[in-house]
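Listed below are the residues making up each chain.
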Amino acid sequence: MFRSTVCGSETGPASELNQAYNLTPADLYNLNAKFIENEKETQFRSYLINISWSLSMDGSIKELTATKICVTSHGTVRHFECVRCSYTEKFQSQTTAGNQRWQFHYTGFPVEPVTNYFIHAYNLPPANINEDSSSKSLSLISPGCNDHVMKYSKSCIEEGSLWDPNITVCKTEAEVEVNFTTSSLGTRYILFICDTEDCNDPSEKETNETRTSVKLPVGDRSNNIIVKIIPYFPKCQHDCPRRTGTLTTCIQNYSNGANTIDLIGRYMCFILVAIFITVCVTVAVLCFMKNHETIMKRTFFHHANLHQFVKVLVIYPKEVCFHHTVLTFAKFLHDSCQIDVIIDMWQKRKIAEKGPVQWLAAQKEIADKIIFLCSSNISTECDESCYKNIGNHKDNSDCMFALAFNLFCSDLKNQSSLHKYIVVSFNEINSKDTLPAALKICPKYYLMKDIDNFCRHLSIQHSQTNGKSTKKVSGWRSSIRCIPTEEYSMGIKDNGEETAAEECNSTRLLMGLM
């Protein structure tokens, strides 16, 4: 069963001393004590005395009611204090449940630096008068202010344990100059200069400065000089810990005026060197810019042009295989020519939000080119592998193609934006004539035969409503040889705008009937 104690201060003798007992408990089995750091978070750090004891294993333990502990300290002041630790319950067994001795401890006596502590403990009720008294005793000596914990205690701090004077000692021909940092604890300091033989008369310094200097005569003393500083603090008065400084190497300044002139000269030299370096760097930069002005301009404008990509809207009829033709063509434009490609299948959500007519009108305005794709021979494999995965995409693409053709016819009537339209086919021999005849007025390219002319056409400078700007296909090599095709030339010469307009009207009528 668990046993505990309740400890409290007891200044006078124990009440059990006033009467006799038939049975009294045996003496403590052992008594131990040590210093432990106070774990309470305070402004200062300190030690406490931790006292532990164990009980004898015999039948007299049943008579035990309390243990009294008294501590006497001998230091700067003498102090005596006792605590009584009463056991909360009567002992029913000589040992604990684990067959171990009963052990208890108490922590609470504050510790002062460099102090002797005499600890005396005995069980209650005590032995009767004229009987052997049973008690245990021990002593401890607390560490001084140099201890890593004790130096942060209130007593040590008031005696200057944290004061670091940072002493420097400089010897000239006839005197020693001592510089040190003062403490906020006091303003009076006594200085001694000592060598291997003796010390000179003390010199007292009283100051409120944070850093102070004292000059002391030394005569013909050797260089083995030691300076001792004894502070006067209210806590320790004339018995405060002293600090020591040794002679250090110093630079003697014979003339303050000469030193000031030398310092100004150094600053002026540094400033002139800095100005010279700045002027040289500036001239070099200006010369470089002047010699490379043309190259810099070309590089700048070329870099700006690279970021103005051409936007292309791709329109295709339902006969064109979307996966094998449209996507491959779009990937080529994006990867090889660095062109922004617009395809209806990639913007289904925007088409659903705006409607196909509004979406197509908006894309026409932002696109630099509008490409109508011609269909090639579509294999059975393409029908089975592609179209079954895209559902009603055939109908959607046919609807979008009709809307785009109507926009073309409107532009043809209004004579606006015709430069945007291009026709592209991938098979010159087997290409089906599925596009409306009105589109023959547009430039037509066979890929990959006319790839050079096609990419050059995309890189032509375009005029915009908000001013002049150039857009180029930044990934294309202009050194590739360009050969215009015969059908392309014929398409431009043989189809006049009037014929195209008539065919446009008939084609739009036919699409409306469908």
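To be clear, the structure that these remarks concern was listed above.
How each quantity is defined
Residues numbered from 1 in each chain as written. Predicted model: local features only at pLDDT ≥ 70, side-chain atom pairs only at ≥ 80, totals over all residues. Heavy atoms only, no water. Helix = DSSP H or I, 4+ residues; strand = E, 2+ residues; numbered from the N terminus. Buried < 20%, exposed > 50% of the residue type's maximum accessible area, 1.4 Å probe, protein only. Pairing = 2+ DSSP bridges. Contact = heavy atoms within 4.5 Å. Axes fitted to C-alpha atoms, helices over the stretch in contact; angles between N-to-C directions.

**Section: unusual backbone geometry**
Trans peptide bonds make up the majority, and among non-glycine residues the majority have a negative phi. Of note, the amide linkage connecting L124 to P125 takes the cis form, showing an omega dihedral of 0 degrees. You can see P125 is positioned in the loop between β7 (116-124) and β8 (136-141). In the Ramachandran plot, V114 falls in the positive-phi region, its phi being about 45 degrees despite a non-glycine side chain. Along the chain, V114 falls in the loop between β6 (103-110) and β7. Although it is not a glycine, Q237 adopts a positive phi angle of roughly 55 degrees. Considering the arrangement of structural elements, one finds Q237 in the loop between β14 (226-232) and β15 (243-246).

**A word on the pairing of strand β18 (residues 369-373)**
Most of β18 is tucked away, with five of its five residues classed as buried. Inspection of the sheet shows strand β16 (residues 311-315) paired to β18 by four bridges, in the parallel sense. If you follow L313 over to β18, its bridge partner there is I370. Of the strand pairs in this sheet, β18 and strand β19 (residues 421-425) are connected by four bridges, and their pairing is parallel. Across the sheet, residue F372 finds its bridge partner in β19, namely V423.

**Focus: the side chain of Q347**
Along the chain, the position of Q347 falls in the loop between β17 (340-342) and α5 (348-354). Accessibility expressed as a relative area gives 18% for Q347, which makes it buried. Apart from residues lying up to four places away in sequence, Q347 is in contact with I342, W359 and Q363.

**A word on the sheet that holds strand β12 (residues 203-206)**
Read from one edge of the open sheet, four strands run β12-β11-β14-β15, paired in antiparallel fashion. Both outer strands of the open sheet, β12 and β15, are each paired with one neighbouring strand and no more. Direction aside, the axes of adjacent strands within the sheet are offset by 25 degrees on average.

**Notes on the sheet that holds strand β10 (residues 175-181)**
Here three strands make up an open sheet; going across it, the order is β9-β10-β13 and the pairing antiparallel. Sheet topology places β9 (168-171) and β13 (211-217) at the edges, where each strand pairs with a single neighbour. Looking at each pair of strands side by side, their axes are set apart by 20 degrees on average, direction ignored. Where β10 meets β13, seven bridges bridge the pair, whose relative direction is antiparallel. Bridge pairing in β13 places E177 opposite K215.

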